[in-house]
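# Analysis of the macromolecular model
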Amino acid sequence: MHAHGEMNHEDVLRVKLGVLRREHRDLDDAIHALEASGRGDQLTLRRLKKQKLGLKDQIARIEDELTPDIIA
């Protein structure tokens, strides 16, 4: 963190990454619960899975931004 409690861009990305990972895990749990209960209709399950994939893409983009390129 910078002086006066300000977060730099990388700090913000790390916080956002944690939030997205939590949301991804929660969606995964919800999907498994719906599938196990047999109450989830296919449209709802498809929407949840699509949302989960979107989160996965966002997570990958942030991880790529946080990982420095190594030139060999």
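Details of the structure are given in the entry above.
Presented here is an overview of the structure given in this document. Counting restarts for each chain: residues are numbered from 1 in the order of the written sequence. In view of the model being predicted, local features appear only for residues whose pLDDT reaches at least 70, and side-chain atom pairs are presented and counted only at 80 or more, with totals across whole chains, interfaces and linings using the full set of residues. Calculation of side-chain values draws on the structure's entire complement of heavy atoms; hydrogens and water are dropped beforehand.

## Overview of the overall build of the chain
Rules: To qualify as a helix, a DSSP run of H or I must reach at least 4 residues; to qualify as a strand, a run of E must reach at least 2; elements of each kind are numbered from the N terminus. Atoms considered for the radius of gyration are the C-alpha atoms alone. The globule rule reads 2.2 Å times the number of residues to the power 0.38. Working definition: with a 1.4 Å probe on protein chains only, accessible area under 20% of the residue-type maximum means buried, over 50% means exposed, and in between means partly exposed. A contact between two residues is defined here by any heavy atoms of the two lying within 4.5 Å. Here the Shrake-Rupley method, with its probe set to 1.4 Å, supplies the accessible areas, and only the displayed protein chains count as covering residues. A positive count includes Lys and Arg, and a negative count includes Asp and Glu. His and the chain ends are not counted in either. By convention, the point assigned to a charge is CZ for Arg, NZ for Lys, CD for Glu and CG for Asp.
The secondary structure content of the chain amounts to 2 helices and 0 strands. Relative to the globule expectation of 11 Å for 72 residues, the C-alpha radius of gyration of the chain, 17 Å, shows a markedly less compact shape. Based on the C-alpha atoms only, the size of the chain along its principal axes is roughly 50 × 35 × 15 Å. Every one of the 72 residues in the chain was classed for burial, and the buried ones make up 18%. By sequence separation, contacts in the chain at least 24 residues apart represent 63% of the contacts at least 6 residues apart. Accessible surface, the chain: about 5,900 Å² in total, of which carbon and sulfur atoms supply 53%. Computed over 13 positive and 14 negative side-chain charges, the inter-centroid distance for the chain is 8 Å.

## Regarding a nonpolar patch on the surface
Inclusion rule: Grouping into patches uses exposed residues only, defined as over 30% relative accessible area, and leaves out salt-bridged ones; the cut-off is 9 Å for like charges and 5 Å for nonpolar side chains (Val, Leu, Ile, Met, Phe, Trp, Tyr). Salt bridges are identified by distance alone: a Lys or Arg side-chain nitrogen within 4 Å of an Asp or Glu carboxyl oxygen.
On the surface, Met-7, Val-12, Val-15 and Val-19 cluster together into a nonpolar patch covering about 310 Å² of accessible area. On the secondary structure map, Met-7 appears in the segment before helix 1 (9-37). The class for Met-7 is partly exposed, based on a relative accessible area of 38%.

## Some remarks on the packing of helix 1 against helix 2 (residues 42-66)
Selection criterion: Lines fitted to C-alpha atoms define the axes here, with helix axes fitted over just the stretch in contact, and angles between the N-to-C directions of these axes take values from 0 to 180 degrees. Working definition: roughly parallel below 35 degrees, roughly antiparallel above 145 degrees, roughly perpendicular at 65 to 115 degrees, and oblique for all remaining angles. Should the near helix be turned anticlockwise from the far one by less than a right angle, the crossing is termed left-handed; should it be turned clockwise, right-handed. Polar here means any residue outside two lists: the nonpolar Ala, Val, Leu, Ile, Met, Phe, Trp, Tyr, Cys and Pro, and the charged Asp, Glu, Lys and Arg; Gly therefore counts as polar.
Running from amino to carboxyl end, helix 1 crosses helix 2 at an angle of 155°, the nearest separation of the two axes being 9 Å. Classified by the angle their axes make, helix 1 and helix 2 are roughly antiparallel. Relative to helix 2, helix 1 is oriented so that their crossing is left-handed. For the contact of helix 1 with helix 2, a count of residues per class yields 12 nonpolar, 5 polar and 12 charged.

## Observations concerning helix 1
Going by this rule: To estimate how far a helix should reach, multiply one less than its number of residues by 1.5 Å. We call two N or O atoms a polar contact when they sit within 3.5 Å, provided that within protein one can donate a hydrogen and the other can accept it, with sequence-adjacent residues counted only if both atoms are side-chain atoms.
Under the 1.5 Å per step criterion, the end-to-end length of helix 1 is 42 Å for 29 residues, consistent within 8% with the ideal 42 Å. Among all positions of helix 1, only Leu-13, Leu-17, Leu-20, Leu-27, Ile-31 and Leu-34 are buried. Here the buried face of helix 1 lies against helix 2. Between the side-chain oxygen at the start of helix 1 and the backbone nitrogen of Glu-10 there is a gap of 3.1 Å, and the oxygen is on Asn-8. Positive backbone phi, approximately 75°, marks Gly-38, located one or two places after helix 1.

## With respect to the nonpolar core
Selection rule: What is meant by a nonpolar core is a set of buried Ala, Val, Leu, Ile, Met, Phe, Trp, Tyr and Cys residues, joined one to another through side-chain atoms within 4.5 Å.
In this structure, Leu-13, Leu-17, Leu-20, Leu-27, Ile-31, Leu-34, Leu-45, Leu-48, Leu-55, Ile-59, Ile-62 and Leu-66 together form the largest nonpolar core, which totals 12 residues. Secondary-structure elements contributing two or more residues to this core are helix 1 and helix 2. When neighbours within four sequence positions are excluded, Leu-66 is seen to be in contact with Glu-10, Leu-13, Arg-14 and Leu-17.

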